[in-house]
Amino acid sequence: MAEIENPDSQLTAVKWRFPEVHPEGRKFVFISGAITLLFFLLDGWFWDVLAWLFVGLTVWVAAFFRDPIRTAPTDPALVISPADGLVTMIKKGPPPPELTGEGLLAAGDYTRISIFMSVFDVHINRSPIAGRVAKIAYVPGKFLNADLDKASEDNERNHILVARDDGVKIGFTQIAGLVARRILTHVEEGDIVDKGERVGLIRFGSRVDVYLPEGTGSNVILGQRTIAGETVLARLGSDVALEGRAQ
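### Quick look at the side chain of Asp 84
No. 1: In this structure, Asp 84 sits in the loop between β5 (78-80) and β6 (85-93).
No. 2: Only 2.8 Å separates the side chain of Asp 84 from the side chain of Arg 70, close enough to count as a polar contact.
No. 3: Sequence-distant contacts of Asp 84, defined by excluding residues within four places in its chain, comprise Arg 70, Ile 115, Phe 116, Met 117, Asp 121, Val 122, Thr 226, Ile 227 and Ala 228.

Here you go:
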């Protein structure tokens, strides 16, 4: 991952480095590594095969929980992606009822951007804007394929609303999937978060939906890949339709 050595200078030096493993994943890496070592200590070709399989598993677990540094644009008009993944759906519709009401999102026509995270994507979720965590609402549910539209209403999910002092509010939802079995949120209601700050993760494949307010359209297109904390999803107040071509 790129590392800025001198952020006060206009000419900065950047070095690549391996991303760290998120604390939530270190115990899984340790368990997998311990089992791998045990298999290597046992005699016989069968245990050797298992040992090498677990070497691969340990590397994959460490890669799954990787936590790279991201550089978020500071322009307050920009809404950035809360998740790494594939933009699988962009549609108009009402916001989740759990995020509506007095002091929360108003009724209206919102643009929903759905970002699907495969088991190979970084699963750390980040705040799309800077502000105060105004609402967190966990909803138990099913574990359907997170790529399905109905997963937004049927699956286990966690809604988060971040509000700014100027009245701008952005809601986003962590949605469990077929493989995902735990949604983790590292913030609480009332916390102040920066744009791009880590707010949680979902284990082993999932989806994140972002709700843009009325009058704000998507700056990404279907099939585009996003990077949490860096990819610009929208510019507040701008609703210019974008077109793209897969190639």
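### A short note on the sheet that holds strand β7 (residues 110-117)
No. 1: Within the open sheet, the eight strands sit side by side as β13-β9-β10-β11-β15-β7-β6-β16. Their pairing is antiparallel. Either end of the sheet is taken by a strand with one partner, and the two such strands are β13 (192-193) and β16 (225-226).
No. 2: Here seven bridges tie strand β10 (residues 157-163) to strand β11 (residues 169-176), and the two strands are oriented antiparallel to one another. In the strand pairing of β11, Val 162 is matched with Ile 170.

### Points about the pattern of salt bridges
No. 1: According to the stated counting rule, one finds ten salt bridges in the structure shown.
No. 2: The partner of Asp 67 in a salt bridge is Arg 126, and the shortest N-O contact between them spans 3.8 Å. Of this pair, Asp 67 sits in strand β4 (residues 66-67) while Arg 126 sits in strand β8 (residues 124-126), and the two are 59 residues apart along the sequence. In this pair, the class of Asp 67 matches that of Arg 126, namely buried.
No. 3: Across the pair Asp 84 and Arg 70 runs a salt bridge whose closest N-O atoms are separated by 2.8 Å. Here Arg 70 lies in the loop between β4 and β5 and Asp 84 lies in the loop between β5 and β6, a separation of 14 residues in the sequence.
No. 4: Taking relative accessible area as the criterion, Asp 84 reaches 7% and is therefore assigned buried.
No. 5: Owing to a relative accessible area of 17%, Arg 70 belongs among the buried residues under this scheme.

What counts as what
- Residues numbered from 1 in each chain as written.
- Predicted model: local features only at pLDDT ≥ 70, side-chain atom pairs only at ≥ 80, totals over all residues.
- Heavy atoms only, no water.
- Helix = DSSP H or I, 4+ residues; strand = E, 2+ residues; numbered from the N terminus.
- Polar contact = N/O pair within 3.5 Å; in protein donor to acceptor, adjacent residues only side chain to side chain.
- Contact = heavy atoms within 4.5 Å.
- Pairing = 2+ DSSP bridges.
- Salt bridge = Lys/Arg side-chain N within 4 Å of Asp/Glu carboxyl O.
- Buried < 20%, exposed > 50% of the residue type's maximum accessible area, 1.4 Å probe, protein only.

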